[in-house]
Amino acid sequence: MLDIQADLSIAVDGEPVSVRSEGDAVVATFQSVHRALRVVRTLPFPDGPGRRAVLRSAFGTVKLSGVNVLVRVGRRTVARAGPAAQPGRLSQLLRLGEVEVYARQLVLAALGR
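Quick summary incoming for the structure in this document. None of these values were measured; they are calculated from a predicted model.

Three or more residues of helix α1 (residues 33–42) are buried, namely V33, A36 and V39. Down the axis, α1 shows its buried residues gathered within 125° of arc, on one side only. Turned more than 90 degrees away from the buried face of α1, the exposed residues are H34 and R41. Of the surrounding elements, those touching the buried residues of α1 are β1 (7–12), β2 (15–22), β3 (25–30), β4 (68–73) and α4 (103–110).

Taken in spatial order, the six strands of this open sheet run β1-β2-β3-β4-β5-β6, and their pairing is mixed. Looking at which strands have only one partner, the edges of the open sheet turn out to be β1 and β6 (99–101). Between one strand axis and the next, the sheet turns by 25° as a mean value, whatever way the strands run. Across the sheet, α4 touches β4, β5 (76–81) and β6, and the angle it forms with β5 is around 135°.

Let's shift gears to the side chain of N68. Relative to the assigned elements, N68 resides in strand β4. Owing to a relative accessible area of 3%, N68 belongs among the buried residues under this scheme. At a separation of 3.0 Å, a polar atom in the side chain of N68 contacts the side chain of D24. Residue contacts for N68: discarding those within four places in its chain leaves D24, A25, V26, R80, A81, G82, P83, A84 and A85.

Bringing the pattern of salt bridges into the picture now. Tallying each qualifying case throughout the model produces four salt bridges. The salt bridge partner of E15 is R35, with a shortest N-O separation of 3.5 Å. Here E15 is found in strand β2, whereas its partner R35 is found in helix α1, with 20 residues between them in sequence. Taking relative accessible area as the criterion, E15 reaches 5% and is therefore assigned buried. With its nearest N and O atoms 3.0 Å apart, the salt bridge here joins E22 to R72. Here E22 is found in strand β2, whereas its partner R72 is found in strand β4, with 50 residues between them in sequence. Judged by relative accessible area, which is 39%, E22 ranks as partly exposed. Salt bridges here are not isolated pairs; linked through shared partners, they connect E15, R35 and R38.

Parameters and conventions
- In every chain, residue numbers begin from 1 and rise along the written sequence.
- In keeping with the predicted nature of the model, local features appear solely for residues at pLDDT of at least 70, side-chain atom pairs appear and are counted solely at 80 or more, and the whole-chain, interface and lining totals rest on all residues.
- As a rule here, side-chain values cover all heavy atoms of the structure and leave hydrogens and water aside.
- The cut-offs for exposure are 20% and 50% of the maximum accessible area for each residue type, with area from a 1.4 Å probe on protein chains only; residues under the lower value are buried, those over the upper are exposed, and the others partly exposed.
- Numbering of helices and strands runs from the N terminus, with a helix taken as a DSSP run of H or I at least four residues long and a strand as a DSSP run of E at least two residues long.
- Here, the arc refers to the directions that run from the helix axis to the C-beta atoms.
- Contacts between residues were defined by any pair of non-hydrogen atoms, one from each residue, lying within 4.5 Å.
- A pair of strands is treated as paired once DSSP finds two or more bridges between them.
- Interaxial angle, 0 to 180 degrees, is taken between N-to-C directions of lines fitted to C-alpha atoms, where a helix line uses only the stretch in contact.
- The term polar contact refers here to a pair of N or O atoms within 3.5 Å; inside protein, the definition further demands a hydrogen-donor-capable atom paired with an acceptor-capable atom, and it admits residues adjacent in sequence only when both atoms are side-chain atoms.
- Think of a salt bridge as a Lys or Arg side-chain nitrogen and an Asp or Glu carboxyl oxygen that are within 4 Å of each other.

Everything listed here is a matter of geometry and, on its own, says nothing about what the molecule does.
As structure tokens, then:
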């Protein structure tokens, strides 16, 4: 298993992202759902289905590495990738492969609560 130490504050296309390690996880924190989606859209991946394929492959690799990646919006964890992730129907619907999405937390974060 990898031991990752992270404490970064970065900007992707002007959008602030905090990346920290917490135990066996790397946590990426965004200020809002809108900003998180904007960052994903600006990543240098192909558009459309190709983007999803690259993301699915990346998160599959994360799972094999033994590292968990948490995506937070504010204080709410809205998604998880890695060995602890348990993708459900929402992940299938969104074609996110190995990414577990926490629907309730995502909705509350989108509403700013």
